[in-house]
Amino acid sequence: MEELSADEIRRRRLARLAGGQTSQPTTPLTSPQRENPPGPPIAASAPGPSQSLGLNVHNMTPATSPIGASGVAHRSQSSEGVSSLSSSPSNSLETQSQSLSRSQSMDIDGVSCEKSMSQVDVDSGIENMEVDENDRREKRSLSDKEPSSGSEVSEEQALQLVCKIFRVSWKDRDRDVIFLSSLSAQFKQNPKEVFSDFKDLIGQILMEVLMMSTQTRDENPFASLTATSQPIAAAARSPDRNLMLNTGSNPGTSPMFCSVGSFGASSLSSLGASGGASTWDSYSDHFTIETCKETDMLNYLIECFDRVGIEEKKAPKMCSQPAVSQLLSNIRSQCISHTALVLQGSLTQPRSLQQPSFLVPYMLCRNLPYGFIQELVRTTHQDEEVFKQIFIPILQGLALAAKECSLDSDYFKYPLMALGELCETKFGKTHPVCNLVASLPLWLPKSLSPGSGRELQRLSYLGAFFSFSVFAEDDAKVVEKYFSGPAITLENTRVVSQSLQHYLELGRQELFKILHSILLNGETREAALGYMAAVVNANMKKAQMQTDDRLVSTDGLMLNFLWVLQQLSTKIKLETVDPTYIFHPRCRITLPSDETRVNATMEDVNDWLTELYGDQPPFSEPKFPTECFFLTLHAHHLSILPGCRRYIRRLRAIRELNRTVEDLKNNESQWKDSPLAARHREMLKRCKTQLKKLVRCKACADAGLLDEGFLRRCLHFYGLLIQLLLRILDPAYPAVTLPLSSDVPKVFAALPEFYVEDVAEFLFFIVQYSPQVLYEPCTQDIVMFLVVMLCNQNYIRNPYLVAKLVEVMFMTNPAVQPRTQKFFEMIENHPLSTKLLVPSLMKFYTDVEHTGATSEFYDKFTIRYHISTIFKSLWQNIAHHGTFMEEFNSGKQFVRYINMLINDTTFLLDESLESLKRIHEVQEEMKNKEQWDQLPRPMAE
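Note that the coordinates shown come from a computational prediction; the quantities given were computed from them, not determined experimentally. (Residues numbered from 1 in each chain as written. Predicted model: local features only at pLDDT ≥ 70, side-chain atom pairs only at ≥ 80, totals over all residues. Heavy atoms only, no water.)

## Digging into the overall build of the protein chain
Then comes step 1: A count of helical and extended segments in the protein chain gives 39 helices and five strands.
Then comes step 2: A total of 941 residues make up the protein chain; the buried ones form 54% of that total.
Then comes step 3: The long-range share in the protein chain, meaning contacts at least 24 apart out of those at least 6 apart in sequence, stands at 77%.
Then comes step 4: Accessible area of the protein chain: about 42200 Å², with a carbon and sulfur share of 53%. (Helix = DSSP H or I, 4+ residues; strand = E, 2+ residues; numbered from the N terminus. Buried < 20%, exposed > 50% of the residue type's maximum accessible area, 1.4 Å probe, protein only. Contact = heavy atoms within 4.5 Å. Areas by Shrake-Rupley, 256 points an atom, 1.4 Å probe, with all protein chains shown as cover.)

Right, here's the structure in full:
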C-alpha cells in the first residue's frame, strides 16, 4: 500500500477520534479534588479559552492526551479518599471497554468492526509512527482489545504499553512524544541486544529522558509533549476562592505539568477571591511549584506513575496477567527510584537538608497520584541516609507551611493531611516517617527560659501543627475575616461558629492521625508519651488565676491537644487504670510541690507513702491506659478550664463596659457643658471601641469553647473520672451506701484537690452557658458524686470546695436555671439523697460561720443563700419533706441551724434599718432644691 503522509495520518486519526469518543471528561484529570468546605457552595469561575477544564478531543491526538485520552481519573494522594475525583467519566469508558470485548467475540460485519477499532483507537498505544494503515490496524487489533484471561501479551504489545506510559519513541520523531536518539541508534544497530528484560529497558528510557532534561532549555525534551496539548487547569477547592495551577497565556501545557513552555513553572493563583490577595501571598511560597529542571523531571515521573494506574483501570483483565502486572510494577518502581534521585539532586546538583523539597507543593496541593508517596517511603526507608535526605526537607517544608496557615481559609488542613498520610504509612509494624519525626532535633527541644510552654509551641516540630486556633488572641486573621462586619447578628454568629467548629474538627482529626500513628509505632511510643507529658508539664502555670500568657502555650494549642487526648482515651477501661499513678516514681507528670490535696498535707502524703511502701519498690511499670488517662485529666485542667475562666472574665468585662457606656450616655446632660466634656467624649469613644473588640473576641471564643460535641466529650471524660473516684471511696461501686466510712481512704485524701474542683467548675460552666450538654449517660454518675460529696463533707478539707459543689446544685435549681430542672430532679430524687442531704446541708450551713479565710464573714451569706434556695425546692418534694420534719423533731443539726438563721436575720434586719435611715436623710436633703444642686456630683471615671 502506498505510504501515507504525516498530515493524512493525522487527519484520519482525528476523524476516528471524533467519531469514536462518545463522552468527554468534565473534570480536570489530575485535579486535587478537596473536601467541600462548610457553608454555602461557592460558584467556580468559568474557565477562559486558555483554561478549559475539559479535554477537547477534536484538538488532541491520542498520544498527546495527558493520560492516554481515556479520561479515567485517579484517586489523589489521600489514602482516605478525601481527594478522589468524584466526577470522573471512568464508568462510561469501562462500559465501552466491556462492550468492546463482547463485540469482538461475535460475528460482526466490516463496518461495525471498523467502528469498534476506531472506538478503541482513543486508548491505543503510540500512534505517531508513519506506517502502513493495514499494519496499524493489525497492531491495534492485537494490542488494544483486552485479551481473555488465557491469552498472553506479546512483546510488541508490551513495548507499545511502555511507550504509551512514558510517551516516548525510538522509531520516529514527533511533536507528541519524546524521541530517544540513543535507544534508537541501539535498536537500529542490534535490536536484540538493546535490553535484557523490560526492567532494563524502563531504566534506560527514564535515564535517557531525565538526562536529556538536564540539557539546555532549547533542547528540553518535554516541550514536544505540550506543543499540541489542550490546557487543563488543576483546580483546588477552597472555602473562599477557587485555586488553580496557573497555566499562563500560553495554551501549551499539560495537566500536571502546569508550566508555561516547560513543565515546572506552576503556581497557584486566586480566582474570584473576596479580599484574598493578602492571604494568598502568605501561602504562595509553599503552594507554588518552583520553576527548574528538577520540577520538569518530577512532573514527568509523576505523570508516568499516574498513567500506570490509568492503564490498570482501563484494562483490568489484561493488567491482571502476571507478565503485565510485573511490567507495570517495574514501571512504578523505576518512577519512584528516579524520583528519589531527582529529590536528592543526584542528576543535577546535590541538595542539602536545609533546602526546601520540590515535593512539598505537590503534597500541599493534593496533586500526587494515589500511592505515590507511600511507594516513595517504601522504596527509600531501608537506606537511612537516603531516607533522611529526601524526607527531612519534606517534613521541614510541611512544618513551615503549617506555621503560616490560619483558619481564615482551608489551607491550614493540607499540611496536616500531608503529614498524617506520611505518618500512617507503614510496612509491617514499622512507621518509617514516625521514626524520622521522633528523631528530629526539634522533636522535644530543651527549655531555655521560664516560658517553657510558649517555647515548646514555637520550637517543637509538632507545635506548628497543633497551633491553629479560632481565638482572637491567638490568631487575629480569624476575627478580621469572620467577625469584622458592621453588625454581628445572632444568626450570623451561629452559622460562622458552626463553620469554624467544622474546620477545627477536620484539623483535629488529622492531628489525631499523626499522634496516634506515632504511638502505634513501637519504636516511637516512648517519644510520643514524652512529648505529651512535656506539653502538660510545661504549661502548669496555665492553671493559675493570674497567668502570663507569654510564658505558656496558647488556648488554641491546648484545646487541640486536649481533643486528641480525648480521642486516645475513648476506649480506656477503668479497670486498667491505676488510681495511684500520680504517686508512681516513674510518673511523667510533675506536680508542683505546693499542690493542695483533697484532705492531706504534703507531710501526710510523704508519711503515707513511706508507711505503705517502705524501701522496697512496690510499683509495677505504668501501662499506657493509665498514663493516657492521667495525661488527659491534667490536659483538661490546663486547657478547657482556663479557657472557661477567660470566657467568664471577658463576659464580665463586656458587662462592665456596657454599664459604663450607658452611664456616660445617661449623664451626658450633666457633663456635656462642663470642662471635662472632651475627656468624657473621648472616654465614651474608647469604651465603645473596646466593647466592639471584646464582642468580636467573644464571638470567636463561642466557636472555640461552646462546641456542644467538644463539651460532651469533656463531660464524658469527667464522668470517667467520677467513676474512678467513687471506686476509691467505695469499692462496692455502683452499689454505694451512705454514710461512707469515717476513715477517709488515704489514696483519695492524697489526690490533688483540683481533681474534684475541676468537676464542679466545669459543671458550673456548662449549666450557665450550655445546659443542653448536661443530659448524657454519664449524668447519673455525676449526680451520685454530688450527693456523696455533699453528704460526706468530712472527706474534703477545704470548705470552699464544698461550697462550690453547693453552688453547682444551686445553679441547677429550676428557680435559677429552668433548663436544668430535670438534672435537679435527678439529685433530689436520688435514693442516697433522701435521708442525708438535708441534714448535711444544715450542718454545712452552720459550719461556714468559720472558714478560716479573711473574707469568711461576707462569704457565709452567699453560701447560706444558696443553701436556703435549695431548701425551698427540697421542701416541695414529699420524700425530703419527711426528712425535714424528722430533723425538726429530733435532729442534731436543727437547733444550730435555727440559731444561725436567726442571727443572720437579725444582722440583715439591722443593716436594712440603717440603710432606711440613710435613705430618709437623703430624701430630706433633696427637698431643699437649691442646697441639693450645690452639692458636688461624682463623675464616672
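## Overview of the packing of aromatic side chains
Then comes step 1: Throughout the structure, instances matching the rule amount to 31 aromatic pairs.
Then comes step 2: Put simply, the rings of Y845, F871, W875, F884, F888, F894 and Y897 pair up and form one aromatic cluster.
Then comes step 3: One residue, R332, lies across the ring of F305, its end atom 5.7 Å from the ring centre.
Then comes step 4: If you follow R508 out to its NZ or CZ, it ends over the ring of F710, 5.2 Å from the centre. (Phe/Tyr/Trp six-rings, centres within 6.5 Å; stacked < 30°, edge-to-face > 60°. Lys NZ or Arg CZ within 6 Å of the ring centre and 35° of its normal.)

## What about the pattern of salt bridges?
Then comes step 1: If you walk through the whole model with that rule in mind, you get 31 salt bridges.
Then comes step 2: The partner of K927 in a salt bridge is E924, and the shortest N-O contact between them spans 3.2 Å. A residue pair is termed a helical-turn pair when its members lie 3 or 4 positions apart in one helix, as K927 and E924 do in helix 38 (residues 894-927) at three residues.
Then comes step 3: Take K927: its relative accessible area is 63%, and that puts it in the exposed class.
Then comes step 4: One salt-bridge network, in which partners are shared between bridges, spans E473, K542, D549, D555, R646 and R650. (Salt bridge = Lys/Arg side-chain N within 4 Å of Asp/Glu carboxyl O.)

## A word on the nonpolar core
Then comes step 1: Core analysis: the largest hydrophobic core is formed by 238 residues, its most contacted members being F166, Y300, L398, L462, I640 and F748.
Then comes step 2: No other element matches helix 29 (residues 708-729), which puts 14 residues into this core.
Then comes step 3: In terms of nonpolar packing, the next biggest core, distinct from the first, is built from eleven residues, I654, L657, W671 and L691 among them. (Core = buried A, V, L, I, M, F, W, Y, C linked by side-chain atoms within 4.5 Å.)

## Section: helix 37 (residues 878-890)
Then comes step 1: Counted at 1.5 Å a residue, the expected span for helix 37 with its 13 residues is 18 Å, and the 19 Å between its end C-alpha atoms agrees.
Then comes step 2: Burial in helix 37 covers these residues: H880, T883, F884 and E887. Angular distribution of buried residues about the axis of helix 37 spans 105°; they occupy a single face of the element. When the buried face of helix 37 is taken as reference, the exposed residues oriented beyond 90 degrees from it are I878, N889 and S890.
Then comes step 3: Buried residues along helix 37 sit against helix 34 (821-828), helix 35 (833-847), helix 36 (856-875) and helix 38.
Then comes step 4: Sitting at the amino-terminal end of helix 37 is N877, which places a side-chain oxygen 3.0 Å from the backbone nitrogen of A879. (Expected span 1.5 Å × (residues − 1). Arc of directions from axis to C-beta. Polar contact = N/O pair within 3.5 Å; in protein donor to acceptor, adjacent residues only side chain to side chain.)

## Focus: a negative patch on the surface
Then comes step 1: A cluster of acidic side chains, namely D910, E911, E914, E921 and E925, defines a negative patch on the protein surface.
Then comes step 2: For E925, the location among the structural elements is in helix 38.
Then comes step 3: Residue E925 is classed as partly exposed on the basis of its relative accessible area of 44%. (Patch = residues over 30% accessible without salt bridge, like charges linked within 9 Å, V, L, I, M, F, W, Y side chains within 5 Å. Lys, Arg positive; Asp, Glu negative; His and termini not counted. Charge placed at Lys NZ, Arg CZ, Asp CG, Glu CD.)

## A few points about the packing of helix 29 against helix 31 (residues 754-769)
Then comes step 1: Interhelical geometry of helix 29 versus helix 31 gives an angle of 145° and a closest axis separation of 11 Å. In terms of crossing hand, the pair formed by helix 29 and helix 31 is left-handed. When helix 29 is examined against helix 31, the residues L711, C714, L715, Y718, L721, I722 and L725 are found in contact with a partner set consisting of Y755, V756, D758, V759, F762, L763 and I766.
Then comes step 2: Class assignment of the residues belonging to the contact of helix 29 with helix 31 gives a composition of 13 nonpolar, no polar and one charged. (Axes fitted to C-alpha atoms, helices over the stretch in contact; angles between N-to-C directions. Left-handed = near helix turned anticlockwise from the far one by under 90°. Nonpolar A, V, L, I, M, F, W, Y, C, P; charged D, E, K, R; others polar.)

## Points about a positive patch on the surface
Then comes step 1: There is a patch of like positive charges on the surface, built from R649, R652, R655 and R659.
Then comes step 2: One can find R659 in helix 26 (residues 640-666).
Then comes step 3: R659 sits in the partly exposed class, given a relative accessible area of 48%.

## What about the environment of F823?
Then comes step 1: You can see F823 is positioned in helix 34.
Then comes step 2: Discounting residues that sit within four places of it in the chain, F823 has contacts with L774, Y775, T779, I782, V783, L786 and T812.

## What to know about the side chain of K314
Then comes step 1: Among the structural elements, K314 can be located in helix 10 (residues 293-314).
Then comes step 2: Side-chain polar atoms of K314 contact the side chain of E311, separated by 3.1 Å.

## Remarks on the layout of surface pockets
Then comes step 1: Quantified by volume, the largest pocket comes out at close to 1100 Å³.
Then comes step 2: For the largest pocket, the lining is made up of 30 residues, of which M545, R645, E757, E761 and K804 are closest to its centre.
Then comes step 3: Broken down by secondary-structure element, the contributors of at least two residues to the lining of the largest pocket are helix 26, helix 31 and helix 33 (799-811).
Then comes step 4: Counting residues per element, the lining of the largest pocket draws most heavily on helix 31, which supplies eight residues.
Then comes step 5: Residues belonging to the lining of the largest pocket are distributed by class as follows: twelve nonpolar, five polar and 13 charged. (1 Å grid on protein atoms, 1.4 Å probe; cavity = no way out; pocket = protein on both sides within 12 Å on 5 of 7 lines; lining within 4 Å. Points joined across faces, edges and corners; volume = space filled by probe spheres on them.)

## Overview of unusual backbone geometry
Then comes step 1: Of the consecutive residues Y733 and P734, the connecting peptide bond is found in the cis state with omega at 10°.
Then comes step 2: Note that P734 resides in the loop between helix 29 and helix 30 (746-750).
Then comes step 3: At R366, a residue that is not glycine, the phi angle is positive and equals roughly 55°.
Then comes step 4: By secondary structure assignment, the location of R366 is in the loop between helix 13 (360-364) and helix 14 (372-380).

## Here's the deal with the confidence of the model for the protein chain
Then comes step 1: Considering every residue of the protein chain, the mean pLDDT works out to 77; 75% of them sit at 70 or more.
Then comes step 2: Confidence over residues 13-150 falls short of pLDDT 50; this stretch has 277 contacts with residues more than four positions distant or in other chains.
Then comes step 3: Here residues 227-284 scores under 50 on pLDDT; set against residues more than four positions off or in separate chains, the count is 189 contacts. (pLDDT = per-residue confidence, 0-100.)

## Things to note about the side chain of R366
Then comes step 1: Note on R366: relative accessible area 0%, which makes it buried.
Then comes step 2: In this structure the side chain of R366 is engaged in a polar contact, spanning 2.5 Å, whose partner is the side chain of E421.

## Topic: the environment of S912
Then comes step 1: Following the sequence through the fold, S912 ends up in helix 38.
Then comes step 2: On the accessibility criterion, S912 (38% relative accessible area) is partly exposed.
Then comes step 3: A distance of 2.8 Å separates a polar atom in the side chain of S912 from the backbone oxygen of L908.

## A word on a nonpolar patch on the surface
Then comes step 1: On the surface, a cluster of nonpolar side chains totalling about 400 Å² of accessible area is made up of L909, L913, L916 and I919.
Then comes step 2: Its place among the elements puts L909 in helix 38.
Then comes step 3: Accessibility expressed as a relative area gives 51% for L909, which makes it exposed.

## Section: the packing of helix 25 (residues 624-638) against helix 29
Then comes step 1: Here helix 25 crosses helix 29 at 120°, and the two axes come no closer than 11 Å. In terms of their interaxial angle, helix 25 and helix 29 are classed as oblique. The chirality of how helix 25 crosses helix 29 is left-handed. Side by side, helix 25 and helix 29 meet where F629, F630, T632, L633 and H636 of the first sit next to C714, F717, Y718, L720, L721 and L724 of the second.
Then comes step 2: Split into classes, the residues belonging to the contact of helix 25 with helix 29 amount to nine nonpolar, two polar and no charged. (Parallel < 35°, antiparallel > 145°, perpendicular 65-115°, else oblique.)

## Quick word on helix 22 (residues 525-538)
Then comes step 1: Compared with an ideal rise of 1.5 Å per residue, which puts 14 residues at 20 Å, helix 22 spans 20 Å between its outermost C-alpha atoms and is within 8% of the ideal.
Then comes step 2: When you tally the buried positions in helix 22, you get ten out of 14 residues, the bulk of the element.
Then comes step 3: A528, L529, G530, Y531, M532, A533, A534, V535, V536 and A538 are the residues of helix 22 that are buried.
Then comes step 4: The elements touched by buried residues of helix 22 are helix 18 (452-459), helix 19 (463-466), helix 21 (490-520), helix 23 (555-569) and helix 25.

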